[in-house]
Amino acid sequence: MLPRQHATENQYGHDITDRIPAAGSVPGIAALPPWHDAVWRRAAPYLAVRDNDAHTIHSYGLAHALTELHPDADPEVVLPAILLHDTGWSQVPEGDVLTAIAPGGNRPDLVLLHEREGARIARGILDELGHDPDRTSEIVDIVDGHDTRVEALSLNDALVKDADKLWRLTPHGIGTVMNWFGLDRDSALRLISGRVHDHLFTESARTMARALGAVGWVDSSPQRVALG
Ligand SMILES: [Fe+2]
Ligand SMILES: [Fe+2]
């Protein structure tokens, strides 16, 4: 196969790169602003366990899309909160993390621990960066309880919860769950779907979940698999 970066060495034989729109003119493509990148760089060392770093940046992209669909939400709460929400897993022994996450794992103490420690780490990072104190308090409250709190505290909280769960239906989320539990793609998708669709707070997230679920189903269908 020819390298993709050679614009004229392709199946078409012509360079079409001058027809590509600028990133800011199409929805869904967003570079992290410098201060979000500063949060990300401080959070990343706490996320380097069980693919939490990749989970987090995928959820950031989904949260960004959700904030664009919800003008009443505050992106400066939702987006830092999603970058920081799982930093507390770094304080749980690595060997226990999957036990806490697994269906039937029955270690609510570990889930609560990662929420509480995540809230502490989030406050430290946001204070260090000088984030607005009211927003920092709201973010800390969202992180502390993001998995165990059944109700959403606010629209901002609802979008964080929805972006967190939507990741599971992305190709990366399905692949991660396949690896964690030794499942084939179809089984992983069914496990995930049972824990996402009926647990979302916003209509926009429910619509996104349907689309992601459809892609996941096609990727695991015998018809698609047979195509290689
Ligand atoms: Fe979490
Ligand atoms: Fe998460």
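Residues numbered from 1 in each chain as written. Chains lettered and ligands numbered in written order. Predicted model: local features only at pLDDT ≥ 70, side-chain atom pairs only at ≥ 80, totals over all residues. Heavy atoms only, no water.

Draft legend 1. Seen up close, the coordination of the iron ion (ligand 2). At the metal site, the iron ion (ligand 2) is ligated by H55 (NE2), H85 (NE2), D86 (OD) and D164 (OD), and these contacts range over 2.1 to 2.2 Å. When the donor residues of the iron ion (ligand 2) are listed from N- to C-terminus, their spacing reads H-x29-H-D-x77-D. A separation of 3.9 Å is found between the iron ion (ligand 2) and the iron ion (ligand 1), both of which receive a donor from D86. You can see H55 sitting in helix 2 (residues 52-69) and its partner H85 sitting in the loop between helix 3 (75-84) and helix 4 (94-101), a full 30 residues away along the chain. (Donors = N, O, S within 2.8 Å, 3.2 Å for Na, K, Ca; no water. Helix = DSSP H or I, 4+ residues; strand = E, 2+ residues; numbered from the N terminus.)

Draft legend 2. The arrangement of the pattern of salt bridges in detail. Applying the stated rule across the entire model yields eight salt bridges. Residue E128 is joined to R42 by a salt bridge in which the shortest nitrogen-to-oxygen separation is 3.1 Å. Separated by 86 residues along the polypeptide, E128 in helix 5 (residues 108-129) and R42 in helix 1 (residues 34-47) bring together distant segments of the chain. Judged by relative accessible area, R42 falls into the partly exposed class, the value being 29%. Salt-bridge contacts for R190 lead to D186; the nearest nitrogen and oxygen are separated by 2.8 Å. One end of the pair, R190, and the other, D186, are both in helix 9 (residues 185-193), four residues apart, so they sit about a helical turn from each other. (Salt bridge = Lys/Arg side-chain N within 4 Å of Asp/Glu carboxyl O. Buried < 20%, exposed > 50% of the residue type's maximum accessible area, 1.4 Å probe, protein only.)

Draft legend 3. How the structure looks around the coordination of the iron ion (ligand 1). With distances of 2.1 to 2.4 Å, the protein atoms coordinating the iron ion (ligand 1) are D86 (OD), H114 (NE2), H146 (NE2) and D147 (OD). Here the iron ion (ligand 1) is ringed by four donor atoms whose angles at the metal span 84 to 175°, and the overall shape comes out irregular. One chain supplies every donor to the iron ion (ligand 1), and in sequence these donors are spaced D-x27-H-x31-H-D. The exposure class assigned to D147 is partly exposed, which follows from its relative accessible area of 35%. (Tetrahedral: all angles 85-135°; square planar, octahedral: opposite > 155°, others 65-115°.)

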